[in-house]
Amino acid sequence: MTDDNHTTHDAEEDARNRDIKIYVNGEILHRDEAKVSVYDSGFMLGDGMWEGMRLYNGTWAFFDEHMDRLFDSCKAVSLDIGMNRAGVLDALTQTAAANNMTHDVHCRLMVTRGVKVKPFQHPSLSRTGPTVVIIMEHSKPATSLQAKGIRLATVPQVRGLPMSQDAKYNSHSKLNCVIACLQAEQAGADEGLMLDPHGFVNTTNACNFFIVRKGEVWTSTGDYCMNGVTRQKVIDLCRANDILVFEKNYSLFEAYGADEAFLTGTFGAQTPVAEIDGKPIGTHSGIGPVTAKLQGLYRALVAANTGG
């Protein structure tokens, strides 16, 4: 990636992250000492689930929604986390306290099927119980993205049908998205805009995708993408604030002609899109008015949820 490239996960540099402590199966270790086995099913096969979460004012934003997704995903693939929601919250609380973290913190909570007795695929070979890792960083989204916006390139890699690998799983198996990201980078863009199996606009390799046309907010049906927590919050905010919002099929034709476009995700919240396939989106420079309004509404929602 060149200096001109950006991602929706660009963050301000923070020297404190050089000495963070990481939770590994009940132990809290300096980042240089935190390790998992090469026999771990997550490393070997991508067999695991994860959640990205943010800590504001000492409270995890939308904790219940993230736990709904994590526990539903793990149940669907018969992965026993080894703790209940209260146990997960306790592990998060311990890790945050060990790092003296209370605000503008990003967490990656990872659960894999655990260490295998042999280096093969079958889940029964994972016999030690799950591996649970929690990485927290002091992490504030880079403000420059709000002015510049993200450049997208439509890529040949698609999000597949549910019976191949359901995109609703937030799994460790992210190769499909990595390939899309590489294709976008090789096309000179920041991230890849992925279509669904029928050729309709779907999502990016890392975030959910929205467009704004004549004051209406459009996003995909949600059938072939990760149903993000932030995605749903934006839809809910639109409905609560008399902004017309549609989950529907639409093509690149409508996306190219949009007045605004933006991405949603736990880390970046709402990130404006500057161009798609080299075509500028809208006539404004940087963030558009509807996106800016939704950003304000979302910040207020996070503050209300976390007591800020």
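What you see is a predicted model; the values in this text were computed from it and never measured.

Q: So, the overall build of the chain: which residues are in play, and what are the values?
A: Each helix and strand counted, the chain has nine helices and 15 strands in total. Relative to the 2.2 N^0.38 estimate, which gives 19 Å for 308 residues, the radius of gyration of the chain is 19 Å and therefore close to what a compact globule would have. The C-alpha extent of the chain, read off along each of the three principal axes, is 55 × 40 × 40 Å. Relative to its 308 residues, the chain shows a buried fraction of 47%. Partitioning the contacts of the chain with sequence separation of at least 6, the portion at a separation of at least 24 is 72%. Counting 29 positive and 36 negative side-chain charges, the chain places the centres of these two groups 2 Å from one another.

Q: Could you give me a rundown of helix H9 (residues 289-306), with the residues and numbers involved?
A: Helix length check: H9, at 18 residues, gives a terminal C-alpha distance of 26 Å against a target of 26 Å (1.5 Å per residue), a fit within 8%. Two residues or fewer past H9, Gly307 is found with a positive phi of approximately 75°.

Q: Just give me the short version of the sheet that holds strand S2 (residues 27-30), but keep the residues and values in it.
A: One open sheet holds the six strands; their spatial order is S2-S1-S6-S5-S3-S4, and the pairing between them is antiparallel. Both edges of this open sheet fall to S2 and strand S4 (59-60), since each of them pairs with a single strand only. In the sheet, strand S3 (residues 48-56) pairs with S4 via two bridges, with the strands oriented antiparallel. Bridging from a neighbouring strand, Leu55 pairs with Trp60 of S4. Of the strands in this sheet, strand S1 (21-24), S2, S3, S4, strand S5 (105-112) and strand S6 (131-138) are in contact with helix H3 (residues 85-98), which crosses S6 at around 40°.

Q: Describe in detail the packing of helix H2 (residues 63-76) against H3, supporting the description with residues and values.
A: At a closest axis distance of 11 Å, the pairing of H2 and H3 adopts a crossing angle of 115°. Crossing angle aside, the handedness with which H2 passes H3 is right-handed. Across from Phe63, Asp64, Met67, Asp68 and Phe71 in H2, the residues of H3 making contact are Arg85, Val88, Leu89 and Leu92. Looking at side-chain class alone, the contact of H2 with H3 contains six nonpolar, no polar and three charged residues.

Q: Report on the packing of aromatic side chains, specifying residues and quantitative values.
A: Counting across every chain of the model gives three aromatic pairs. Positioned above the aromatic ring of Trp50 is the side chain of Arg108, whose terminal nitrogen or guanidinium carbon lies 3.6 Å from the ring centre. Between Lys279 and the ring centre of Tyr256, over which it is positioned, the NZ or CZ distance is 4.5 Å.

Q: I'd like a description of the pattern of salt bridges, backed by residues and values.
A: If you walk through the whole model with that rule in mind, you get ten salt bridges. Residue Asp47 is joined to Arg113 by a salt bridge in which the shortest nitrogen-to-oxygen separation is 2.6 Å. Note that Asp47 is positioned in the loop between helix H1 (41-45) and S3 and Arg113 in the loop between S5 and S6, a separation of 66 residues in sequence. Comparing Asp47 with Arg113, the two get one shared label, buried. Salt bridges linked by common partners bring Arg231, Arg239 and Glu247 together as one network.

Q: Quick one: what's the story with the pairing of strand S11 (residues 216-219), residue by residue and with numbers?
A: Bridge count between strand S10 (residues 208-213) and S11: four bridges; the pairing is antiparallel. Its bridge partner being in S11, Arg213 is matched across the sheet by Glu216. Connecting S10 to the antiparallel partner S11 that follows it, the hairpin turn spans two residues, and Lys214 within it adopts a positive phi of roughly 50°. Alignment of S11 against strand S12 (residues 245-247), held across three bridges, turns out to be parallel. Counted as the bridge partner of Thr219 is Glu247 from S12. With respect to chirality, the unit in which S11 leads through helix H7 (residues 229-240) into the neighbouring parallel S12 is right-handed.

Q: Explain the nonpolar core to me, and be specific about the residues and the numbers.
A: Ranked by internal contacts, the top residues of the largest apolar core, which has 29 residues, are Trp60, Leu92, Cys107, Leu109, Ile134 and Met136. Of all elements in the fold, only S1, S3, H2, H3, S5 and S6 reach the threshold of two or more residues within this core. It is S5 that contributes the most residues to this core, five residues altogether. Residues contacting Cys107, with those up to four places away along its chain left out, are Glu51, Gly52, Met53, Trp60, Leu92, Ile134, Ile135 and Met136. In terms of nonpolar packing, the next biggest core, distinct from the first, is built from 19 residues, Ile150, Leu195, Phe209 and Val273 among them.

The rules behind each value
Residues numbered from 1 in each chain as written. Predicted model: local features only at pLDDT ≥ 70, side-chain atom pairs only at ≥ 80, totals over all residues. Heavy atoms only, no water. Helix = DSSP H or I, 4+ residues; strand = E, 2+ residues; numbered from the N terminus. Rg over C-alpha atoms; globule rule 2.2 N^0.38 Å. Buried < 20%, exposed > 50% of the residue type's maximum accessible area, 1.4 Å probe, protein only. Contact = heavy atoms within 4.5 Å. Lys, Arg positive; Asp, Glu negative; His and termini not counted. Charge placed at Lys NZ, Arg CZ, Asp CG, Glu CD. Expected span 1.5 Å × (residues − 1). Pairing = 2+ DSSP bridges. Axes fitted to C-alpha atoms, helices over the stretch in contact; angles between N-to-C directions. Left-handed = near helix turned anticlockwise from the far one by under 90°. Nonpolar A, V, L, I, M, F, W, Y, C, P; charged D, E, K, R; others polar. Phe/Tyr/Trp six-rings, centres within 6.5 Å; stacked < 30°, edge-to-face > 60°. Lys NZ or Arg CZ within 6 Å of the ring centre and 35° of its normal. Salt bridge = Lys/Arg side-chain N within 4 Å of Asp/Glu carboxyl O. Right-handed = clockwise from strand over helix to strand, strands pointing away. Core = buried A, V, L, I, M, F, W, Y, C linked by side-chain atoms within 4.5 Å.

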